[in-house]
Amino acid sequence: LRVAVLISSRGSNMQSLVKACAVENFPAEIVTVVSNNLEAAGLKFAAENSISTRVIDHRDFDDRESFETQLTEYLAELDVDLICLAGFMRLLTADFVNRWRDRILNIHPSLLPAFKGLHVHERAIESGARFTGCTVHFVRPEMDDGPIIAQAAVPILQDDTVDILAARILEQEHLIYPLALRLVADKQIRISGPIAILNEA
Ligand code: GRF
């Protein structure tokens, strides 16, 4: 399975995917890392690991559609089967999502459907919830929506700050994104309406 990872900055989830794919017999390979931001720290890591990188800066385009057309052209050129969004901070149009239907994954740092959108950790702490976590899901046109592939829960502790909680969750993100990618690449997951189901062994 040929995978493109889309990032906007740090790229630690991208790194966890690259490392997972480097293990022998992993059913997917990262063929490119794309960033909409030239300054993304993750680009350096990808280049150092001999992965082709490409910057497609949304600010170079007149509108969302032409940006996405360029993105689709590039990904199609490389024969990409699956797109992994990993801290990619652009909303994608319904056209783009439908063009790649069931072939885009995203990771979000909450237990969806709770806490979609931004400032997730702050909102989780303020809610008084005892647990939060992270979710890998298939992407649908609505933001942070789509069939869930994997989740991990972590506790919210009394003295948590946003940074402490974010770090606790990120550790789990780095475990479940490679796991979710493996499940999808191995075709162990099938989509049934709004839900993703794990096939029986
Ligand atoms: C992660 O918390 C991810 O869940 C969210 O943005 C952050 C990106 O971190 N969508 P990184 O760039 O993967 O390090």
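Residues numbered from 1 in each chain as written. Predicted model: local features only at pLDDT ≥ 70, side-chain atom pairs only at ≥ 80, totals over all residues.

Colleague: Summarise the nonpolar core; cite the residues concerned and give the values.
Modeller: Membership of the largest hydrophobic core comes to 49 residues, with the highest contact counts inside it found for V5, L17, A86 and L105. Counting residues per element, this core draws most heavily on helix α6 (residues 162–185), which supplies seven residues. Ignoring any residue separated from it by four or fewer positions in sequence, one finds L17 in contact with V5, I30, C84, A86, Y177, P178 and L181. (Core = buried A, V, L, I, M, F, W, Y, C linked by C-beta atoms within 7 Å. Buried ≥ 20, exposed ≤ 12 C-beta atoms within 10 Å, placed from the backbone. Helix = DSSP H or I, 4+ residues; strand = E, 2+ residues; numbered from the N terminus. Contact = placed C-beta atoms within 7 Å.)

Colleague: Could you give an account of the UniProt feature "site: Raises pKa of active site His" (unreviewed entry) in the protein, naming the residues involved and the relevant values?
Modeller: Within the UniProt annotation, "site: Raises pKa of active site His" (unreviewed entry) is assigned to D144. Structurally, D144 can be placed in the loop between β6 (131–138) and β7 (148–155). Setting aside residues no more than four positions away along its own chain, D144 makes contact with H108, L112, K116 and G117. (UniProt positions renumbered as here; feature names shortened; annotations may be inferred.)

Colleague: Explain helix α5 (residues 120–127) to me, using residue names and the numbers behind them.
Modeller: When we look at burial in α5, the residues that qualify are V120, H121 and A124. The buried residues of α5 all sit within an arc of 95° when viewed along its axis, so they share a single face. On the buried face of α5, the contacting elements are β6 and α6. One or two residues past the end of α5 sits G128, with phi positive at roughly 80°. (Arc of directions from axis to C-beta.)

Colleague: Go over helix α3 (residues 64–77) with me, naming the residues and quoting the values.
Modeller: A rise of 1.5 Å per residue sets the reference length of α3, with its 14 residues, at 20 Å; its end C-alpha atoms lie 20 Å apart and thus fit the reference within 8%. Along α3, the residues that are buried comprise F67, E68, L71 and L75. Down the axis of α3, the buried side of the element spans an arc of 90°, and every buried residue falls inside it. Across from the buried face of α3, at angles greater than 90 degrees, the exposed residues are E65, S66, E73, A76 and E77. Packed against the buried residues of α3 are β1 (2–7), β4 (82–85) and α4 (94–99). Positioned one or two residues after α3, D79 has a phi angle of 60°, which is positive. (Expected span 1.5 Å × (residues − 1).)

Colleague: Explain the site of the ligand residue by residue, including any values.
Modeller: In the neighbourhood of the ligand, 13 residues make up the surrounding shell, with R10, S12, N13, G87 and P109 lying closest. Going through the elements one at a time, α1 (12–22), β5 (104–108) and α6 are the ones with two or more residues in the shell around the ligand. (Near = placed C-beta within 6 Å.)

Colleague: Pulling in residues and values, what's your account of the UniProt feature "binding site: N(1)-(5-phospho-beta-D-ribosyl)glycinamide" (unreviewed entry) in the protein?
Modeller: As annotated in UniProt, the feature "binding site: N(1)-(5-phospho-beta-D-ribosyl)glycinamide" (unreviewed entry) corresponds to G11, S12 and N13 in the numbering used here. Setting aside residues up to four positions removed in sequence, G11 forms contacts with A40, A41, G42, F45, A86 and G87. The residue S12 is located in helix α1 in this model. With 17 C-beta atoms counted inside 10 Å, the residue S12 sits in the partly exposed group. Excluding residues within four positions of it along the chain, S12 makes contact with L170 and H174.

Colleague: Go over the confidence of the model for the protein, please, and point to the residues and values.
Modeller: Residues of the protein with pLDDT of at least 70 account for 100%, and the chain-wide mean is 97. We note a pTM of 0.96 for the whole complex and an ipTM of 0.97 for its interfaces. (pLDDT = per-residue confidence, 0-100.)

Colleague: Describe the packing of α5 against α6, listing the residues and the values that go with them.
Modeller: Running from N to C, α5 and α6 point in directions that differ by 105°, and their axes come no closer than 9 Å. With respect to each other, α5 and α6 are oriented roughly perpendicular. Side by side, α5 and α6 meet where H121, E122, A124 and I125 of the first sit next to V162, L165 and A166 of the second. Classifying every residue of the contact of α5 with α6 gives five nonpolar, one polar and one charged. (Axes fitted to C-alpha atoms, helices over the stretch in contact; angles between N-to-C directions. Parallel < 35°, antiparallel > 145°, perpendicular 65-115°, else oblique. Nonpolar A, V, L, I, M, F, W, Y, C, P; charged D, E, K, R; others polar.)

Colleague: Go over the environment of W100 with me, naming the residues and quoting the values.
Modeller: Within the fold, W100 resides in the loop between α4 and β5. With 18 residues separating them along the chain, W100 and L118 place their C-alpha atoms 24 Å apart.

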